[in-house]
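# Structural description and commentary
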Amino acid sequence: MLPFASIGRHHDPQQEYIVMSVEPLPLSEATSYPIRKIGVVGAGLMGNGIAHVCALAGIEVVLTDIRAEALDRAMTTIRVNLDRQIKAGLTTEQQKAAALTRIVTAVGYDRLSECDLVVEAITEKEEAKKALYKLLAPHMKPDCILATNTSSISITRLGASTDRPEKFIGLHFMNPVPVMKLVEIIRGIATDDRTFAAVSALAQRLDKTISVAEDFPAFIVNRILVPMINEAVFALYEGVATVSGIDTAMRLGASHRMGPLELADFIGLDTCLSIMQVLYDGLSDSKYRPCPLLVKYVEAGWLGRKTGRGFYDYAHTPPRPTR
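This is a predicted model, so every value here is computed, not measured.

For the rest of this paragraph, the subject is the nonpolar core. By size, the foremost hydrophobic cluster in this structure holds 39 residues, and its most contacted members are Ile38, Leu63 and Leu171. Tallying contributions element by element places helix α2 (residues 45-56) first for this core, with 6 residues. Discounting residues that sit within four places of it in the chain, Ile38 has contacts with Cys54, Ile59, Glu60, Val61, Val62, Cys115, Leu117, Val119 and Leu202. With 34 residues, the next largest nonpolar core counts Leu182, Phe234, Leu273 and Leu279 among its residues.

What follows is the structure, encoded as structure tokens:
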């Protein structure tokens, strides 16, 4: 989740991160699992972004959630983001209208039976994901691929909890999905070649740059990014500088578009803590110990922008630091 861009901003090549390219995929492999319709489970920030880019690329989408109000919010967000892209000259009114007709929303999972690929985009909690996969299994056709948008959890372990480990894969989009060019693709130990080829071809169809990661905790982006955020929280905790001092230093001293504490609020402090816990548990290295201050903020329910308060208080304009 690396939000160094905003919806509608033209790509700046000077800000591009270097990622590993992949060789062109054999057509026979990529077409053996043709992906004509995609199901997205979870209509939150990541789920609506995934639905947006798939529909804009000409793919039929079934966007599902357990709450009708979440689906309504998601469609409002998609319309607003499409309008921003129109204003920036990145798409047209006709393309927007066509994309919206390709998205069907549904409460529950019955309509996932129509899909060739289902992407899970729910909370970053392993047990919640495993429980969901058991609910999804009766609704997916046998050859349907199941992908997770997890930002840190073992693909092998998640896949082993499903009825299709060979058709299970990590497909980690960056936030915001309509803007960020990168997608990490992660194979579990059981993921077969046809699944990898089909999902890689899909990412290319979505005009994303692929970075292939091994199945290690937090993969590439979050393995590097979230410990940096955690270190910034330690700097705050130890009194090295204030919230604004740390963020200003990293924006101006390291040319980051967002300071690490502002970025943590954008991602969600609960998500940052979950990723640090995955790293700490998975790698058994003390350098990944979550900062006690990060734990306290999450315990207080100060999760960042989504709750209105984190390292900044968003009840004010501009937001005020909370420390």
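Taken in spatial order, the 8 strands line up as β3-β2-β1-β4-β5-β6-β7-β8 in an open sheet, and their pairing is mixed. The sheet is open, and its two borders are formed by β3 (103-107) and β8 (209-213), each paired with just one other strand. Taken over all neighbouring pairs, the strand axes of this sheet differ in orientation by 25 degrees on average, direction set aside. By the bridge criterion, 5 bridges tie strand β6 (residues 168-173) to strand β7 (residues 182-187) in an arrangement that is antiparallel. Looking across to β7, one finds that His172 is bridged to Glu184. Along the sheet, α2 makes contact with β1 (37-41), β2 (60-65), β3, β4 (117-120) and β6, crossing β2 at roughly 165 degrees.

Those places that UniProt annotates as "site: Important for catalytic activity" (unreviewed entry) correspond, in this numbering, to His172. One can find His172 in strand β6. Classification of His172 by relative accessible area gives buried; the value is 1%. At 2.8 Å, the side chain of His172 and the side chain of Glu184 are in polar contact.

Take the UniProt feature "binding site: NAD(+)" (unreviewed entry) in the chain next. The UniProt feature table records "binding site: NAD(+)" (unreviewed entry) at Gly42, Ala43, Gly44, Leu45, Met46, Gly47, Asp65, Glu124, Lys129, Ser151, Asn175 and Lys306. With a relative accessible area of 0%, Gly47 lands in the buried category. Excluding its chain neighbours within four sequence positions, the residues that come into contact with Gly47 are Val40, Gly42, Leu63 and Ala121. Note on placement: Asn175 falls in the loop between β6 and β7.

Here is what the cut-offs are and how they apply
- Every residue gets a number counted from 1 within its own chain, in the order that chain's sequence is written.
- Predicted model: local features are reported for residues with pLDDT of at least 70 only, side-chain atom pairs are reported and counted for 80 or more only, and whole-chain, interface and lining totals are derived from all residues.
- By convention in this description, side-chain values take in all heavy atoms of the structure and omit both hydrogens and water.
- In plain words, nonpolar cores are sets of buried Ala, Val, Leu, Ile, Met, Phe, Trp, Tyr and Cys residues tied together by side-chain atoms within 4.5 Å.
- Burial classes follow relative accessibility: with a 1.4 Å probe on protein chains only, a residue under 20% of its type's maximum area counts as buried, one over 50% as exposed, and anything between as partly exposed.
- Only DSSP runs of H or I reaching four residues or more are called helices, and only runs of E reaching two or more are called strands; each is numbered from the N terminus.
- Here, residues are in contact when the closest pair of their heavy atoms is within 4.5 Å.
- Pairing between strands is defined by DSSP: at least two bridges between them are needed.
- Axis geometry follows a simple rule: fit a line to the C-alpha atoms, using only the stretch in contact for helices, then measure angles between N-to-C directions, giving values from 0 to 180 degrees.
- UniProt positions are given in the numbering used here, feature names are shortened, and annotations may be inferred rather than shown by experiment.
- Polar contact is defined as a pair of N or O atoms within 3.5 Å, subject to the rule that within protein one atom must be able to donate a hydrogen and the other to accept it, and that residues adjacent in sequence are counted only when both atoms are side-chain atoms.

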